[in-house]
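Architecture and fold: a report
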Amino acid sequence: MYVIVGLGNPGKEYNKTRHNVGFHVIDKIAENNNIDINKVKHKAVVGQGRINNEKVILVKPITYMNLSGRSLKEIVDYYKVDISKLIVIYDDIDTQVGKMRIRMKGSAGSHNGMKSIIYELVSDKFPRIRIGIGKPQYGKLADFVLGKFSKEEGPLIEEIVDKAADSVEVIIKDGIDLAMNRYNG
């Protein structure tokens, strides 16, 4: 079983913000695979279904970004998930808008949601997909990540959300190495 997690913040005020791009990818995966995300459990909104004949749980933690690890810890413990079958999708300021990077493992960098997950799981050895949101040219980082994409960035984000959703299916069907070769750089 795969657990696919998109990071973001709950609430309408955060809906189209840069920080919620992980939620958007989960919604796209759900749409592509006819999975309803409508149950609240483990401090998350979840949906269960199948992708390429593999059982999957799609997860959108509702703990707010900085406490995402609490939700994932409950899910990993409850379902006894092999950590290599946990895929986390999140925004990345160090990747330009419209780009993504798939990794098998790694540090949290400056991302507080990932710091929480690595802290709670006591491991960084799980696949992740980083969606580029770019860096602010001025102002506070918090205001930037909680802001909305510009009109010019909109089409780039829609395209990368589609690619990220597709990449999850490739990881499940063909493995992360093929997904990294196909979608990185």
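First things first, this report covers the structure right here in the doc. Note that this is a predicted model, so its numbers are computed, not measured.

Tallying each qualifying case throughout the model produces two aromatic pairs. Ring geometry for Tyr78 versus Tyr79: centroids 4.8 Å apart, planes at 80 degrees, classification edge-to-face. Arg18 extends its terminal NZ or CZ atom over the ring of Phe144, reaching a point 4.1 Å from the ring centre. The side chain of Arg128 reaches across the aromatic face of Phe126, ending 4.5 Å from its centre.

Let's shift gears to the environment of Arg50. With respect to the helices and strands, Arg50 occurs in strand 3 (residues 44-51). Sequence separation between Arg50 and Ile35 is 15 residues; the distance between their C-alpha atoms is 8.0 Å. Every residue in contact with Arg50, bar those within four places of it in the chain, is listed here: Asn33, Ile35, Lys55 and Val56. Polar side-chain contacts of Arg50 include one of 3.1 Å to the backbone oxygen of Asn53.

Quick look at the pattern of salt bridges now. Evaluation of the coordinates by the stated rule reveals ten salt bridges. Between Lys28 and Glu31 there is a salt bridge; the shortest N-O distance is 3.5 Å. Here Lys28 pairs with Glu31, and both are found in helix 1 (residues 21-32), just three residues apart, close to one helical turn. Residue classification places Glu31 among the exposed residues on the basis of a relative accessible area of 53%.

With that out of the way, let us pick up the packing of helix 5 (residues 153-174) against helix 6 (residues 176-183). Where helix 5 contacts helix 6, the axes come no closer than 7 Å and their chain directions differ by 150 degrees. As for the relative orientation of helix 5 and helix 6, their crossing is right-handed in sense. Residue-level contacts link Lys163, Asp166, Ser167, Val170, Ile171 and Asp174 of helix 5 to Ile176, Leu178, Ala179, Arg182 and Tyr183 of helix 6. Here the residues of the contact of helix 5 with helix 6 sort into six nonpolar, one polar and four charged.

Basis of the calculations
- Going along each chain's sequence as written, the residues are numbered from 1 onward.
- With the structure being a predicted model, the display of local features is reserved for residues of pLDDT at least 70 and the display and counting of side-chain atom pairs for 80 or more, all residues being used for whole-chain, interface and lining totals.
- Hydrogens and water molecules were not included; the side-chain quantities draw on all heavy atoms of the structure.
- Aromatic rings from Phe, Tyr and Trp, taking only the six-membered ring of Trp, are treated as a pair when their centres fall within 6.5 Å; an angle between ring planes under 30 degrees marks them as stacked, one over 60 as edge-to-face, and anything in between as tilted.
- A ring is considered to have a charge above it if a Lys NZ or an Arg CZ atom is located within 6 Å of its centre and within 35 degrees of its normal.
- The helix count covers DSSP runs of H or I at least four residues long, the strand count covers runs of E at least two residues long, and both are numbered beginning at the N terminus.
- Any two residues having at least one pair of non-hydrogen atoms within 4.5 Å are treated as being in contact.
- Between N or O atoms, a polar contact is any pair within 3.5 Å; within protein, one atom must be a potential hydrogen donor and the other a potential acceptor, and residues adjacent in sequence are included only when both atoms are from side chains.
- A pairing counts as a salt bridge when a side-chain nitrogen of Lys or Arg comes within 4 Å of a carboxyl oxygen of Asp or Glu.
- Per-residue accessibility, obtained with a 1.4 Å probe over protein chains only, is compared with the maximum for each type, and a residue is labelled buried under 20%, exposed over 50%, and partly exposed between these values.
- Axis definition: a line fit to C-alpha positions, over the contact stretch in the case of helices; interaxial angles, taken between N-to-C directions, run 0 to 180 degrees.
- A crossing counts as left-handed when the near helix is turned anticlockwise from the far one by less than a right angle, and as right-handed when that turn is clockwise.
- Polarity classes work like this: nonpolar for Ala, Val, Leu, Ile, Met, Phe, Trp, Tyr, Cys and Pro, charged for Asp, Glu, Lys and Arg, and polar for all others, with Gly in that last group.

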